[in-house]
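Structure assessment
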Amino acid sequence: MNTGFRFRRDAGMRARAIALMIMGLGMLLSGNGVAEYGDVVLNKRAEREGMAPVVFPHWFHRIRFRCKVCHSELAFEMRAGANQVTMAEIVQGKFCGACHNGTIAWSTENCKLCHSGAPNLPSRIHGSHETLGPGRW
Amino acid sequence: MNTTGWAGRIWRVALFTVSMLVLTAASGGDTRKWKSIAEDGLHDGDNPAATALQSPGEALKMLPPDGAGNQVNWVKALRDGYVKPRTTLNETTPVQTLDADILMKRTVEMPYVRFPHLAHTEWLECSNCHEKIFKSKAGATPVNMFQILQGEYCGRCHGAVAFPLTECNRCHSVPHKAAKEKP
């Protein structure tokens, strides 16, 4: 009796182990970075000036705009942190403000939709692979 | 006793396999998963953005799959019309693409790199790379893998927002022999 019981239990445990392995593999495939690939945190000024850090979802924007729109027309450099972006300029229609003006995208009155980061986030590209890469400023 | 044990074991394995197949079929064979905004480690869970903003999975699951980065084949997504991103904000901004492949041969024992201008210029403007990051003259820029891994040259985007640097063969795609055979 005991042997039979143990056999069934082993099979069950093996099935669970296989399930765990598949889940683990799935987690690996979904990327080990926590943030979504290419998420950019802007926090050079935000927290110093009493606002939450800005989380910029690069993936969301590239669905709607080609790189050239922001990186050429709006003069965002090809390196996170290379631009000095101030809220005053955004309100005047520069950088994010070229679209976030209530016409193309929500206006700057919706502070918290951009200033949505957790406290003390470092400014850089998050969610990317662990090279020394473009995350550095 | 043993027979019952084995039968039970086979039955369980079969049941497990069938249920996994059903699960896979139900998801259309797409096993990609993305973290939600609330659990991405960046957003403040108490912030209205955590529930108001579009979740990556909601948008990206509609796009052609890829094994790395956002798990989206962005070039295919654009070419096959899955996404229709705006090209300009200002109507007078000139738009140009270039269909020219550059073969980069200083790759030591790795296959040569084929750089497709077309796939890049469908997204990017010439001035995004030229002349600041790459000189327009082929071969004039001292590109090397150490610098790329530190976020220079190709590494400005690849490893950050474009497919990551772990995808060696996508760039190092031309065997030395094949390049020799071509006139």
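Residues numbered from 1 in each chain as written. Chains lettered and ligands numbered in written order. Predicted model: local features only at pLDDT ≥ 70, side-chain atom pairs only at ≥ 80, totals over all residues. Heavy atoms only, no water.

1. So, the overall build of chain A
- When its secondary structure is counted, chain A shows five helices and three strands.
- In sequence order, chain A lays out its α and β elements as α-β-β-α-α-α-α-β.
- Here chain A holds 137 residues, and the buried ones make up 40% of them.
- Counting every atom, chain A has about 7,900 Å² of accessible surface; 61% of that belongs to carbon and sulfur. (Helix = DSSP H or I, 4+ residues; strand = E, 2+ residues; numbered from the N terminus. Buried < 20%, exposed > 50% of the residue type's maximum accessible area, 1.4 Å probe, protein only. Areas by Shrake-Rupley, 256 points an atom, 1.4 Å probe, with all protein chains shown as cover.)

2. Remarks on the packing of aromatic side chains
- Overall, the coordinates contain four aromatic pairs over all chains when judged by the stated rule.
- The interplanar angle of 50 degrees and the centroid separation of 5.0 Å between the aromatic rings of A:F76 and A:F95 together place this pair among those described as tilted. Placement of A:F76 in the loop between α3 (67-73) and α4 (87-91) and of A:F95 in the loop between α4 and α5 (111-114) is noted, with a sequence separation of 19 residues between them.
- On the numbers, 5.8 Å between centres and 45 degrees between planes, the contact of B:F134 with B:Y153 is tilted. Taken together, the residues B:F134 in the loop between α6 (126-129) and α7 (145-149) and B:Y153 in the loop between α7 and α8 (168-171) connect sequence positions 19 residues apart.
- Positioned above the aromatic ring of B:W123, the side-chain terminus of A:R62 is 4.5 Å from the ring centre.
- The ring centre of A:F60 lies 3.6 Å from the NZ or CZ of A:R64, which sits over that ring. (Phe/Tyr/Trp six-rings, centres within 6.5 Å; stacked < 30°, edge-to-face > 60°. Lys NZ or Arg CZ within 6 Å of the ring centre and 35° of its normal.)

3. What to know about the sheet that holds strand β3 (residues 124-125) of chain A
Residue and element names in this part refer to chain A.
- Ordered by their spatial adjacency, three strands build an open sheet running β2-β1-β3, and the pairing between neighbours is antiparallel. Both edges of this open sheet fall to β2 (54-56) and β3, since each of them pairs with a single strand only.
- Of the strand pairs in this sheet, strand β1 (residues 40-42) and β3 are connected by two bridges, and their pairing is antiparallel. Counted as the bridge partner of V40 is I125 from β3. (Pairing = 2+ DSSP bridges.)

4. Notes on the pairing of strand β2 (residues 112-116) of chain B
All names here are of chain B.
- Where strand β1 (residues 101-104) meets β2, four bridges bridge the pair, whose relative direction is antiparallel. Bridged to I102 within β2 is F115.
- As defined by bridge partners, β2 adjoins strand β3 (residues 172-174) across two bridges and the pair is classed as antiparallel. Its bridge partner lying in β3, V113 is registered against H172.

5. Considerations on the sheet that holds β1(B)
Residues and elements named next belong to chain B.
- Pairing in this open sheet of three strands is antiparallel, and the strands run β1-β2-β3 from one edge to the other. At either margin of the open sheet sits one strand with a lone partner, and together these are β1 and β3. Geometrically, the sheet is characterised by an average inter-axis angle of 55 degrees between neighbouring strands, direction not taken into account. (Axes fitted to C-alpha atoms, helices over the stretch in contact; angles between N-to-C directions.)

6. Remarks on the side chain of A:S123
Residues and elements named next belong to chain A.
- Here S123 is to be found in the loop between α5 and β3.
- According to the relative accessible area criterion, S123 is buried, its value standing at 17%.
- There is a polar contact of 2.8 Å between the side chain of S123 and the backbone nitrogen of N43.
- In this structure the side chain of S123 is engaged in a polar contact, spanning 3.3 Å, whose partner is the backbone nitrogen of K44. (Polar contact = N/O pair within 3.5 Å; in protein donor to acceptor, adjacent residues only side chain to side chain.)

7. Section: the environment of A:A80
- Considering the arrangement of structural elements, one finds A:A80 in the loop between α3 and α4.
- C-alpha separation for the pair A:A80 and A:I125, spaced 45 residues apart in sequence, amounts to 6.9 Å.

8. With respect to the state of the cysteines
Residues and elements named next belong to chain A.
- Summed over all chains, the structure comprises zero disulfides over all chains.
- Here C96 is not cross-linked by a disulfide; its sulfur's nearest cysteine counterpart is in C114, at 6.8 Å.
- With no disulfide of its own, C99 has C70 as its nearest cysteine by sulfur position, at a separation of 6.5 Å. (Disulfide = S-S within 2.5 Å.)

9. Section: the interface of chain B and chain A
- If you look at the interface, chain B gives 69 residues, while chain A gives 59 residues.
- Counting each side, the surface lost to burial between chain B and chain A is near 5,600 Å², with a carbon and sulfur contribution of 61%.
- Taken as a group, B:L42, B:L89 and B:W123 account for 13% of the area that chain B buries against chain A, more than any other trio of residues on that side.
- For A:R79, the salt bridge is made with B:E152, and the minimal N-O distance between the two is 2.9 Å.
- In this assembly, chain B and chain A are joined by 28 residue pairs in polar contact (both at pLDDT 80 or more).
- Counting only elements with at least two residues in the side of chain B that touches chain A, the list comes to α1 (2-26), α2 (49-52), α3 (56-60), α4 (74-79) and α6 of chain B.
- No other element matches the seven residues that α1(B) contributes to the side of chain B that touches chain A.
- Here the side of chain B that touches chain A is built from residues that sort into 31 nonpolar, 24 polar and 14 charged. (Contact = heavy atoms within 4.5 Å. Buried area = accessible area lost by both parts, 1.4 Å probe. Salt bridge = Lys/Arg side-chain N within 4 Å of Asp/Glu carboxyl O. Nonpolar A, V, L, I, M, F, W, Y, C, P; charged D, E, K, R; others polar.)

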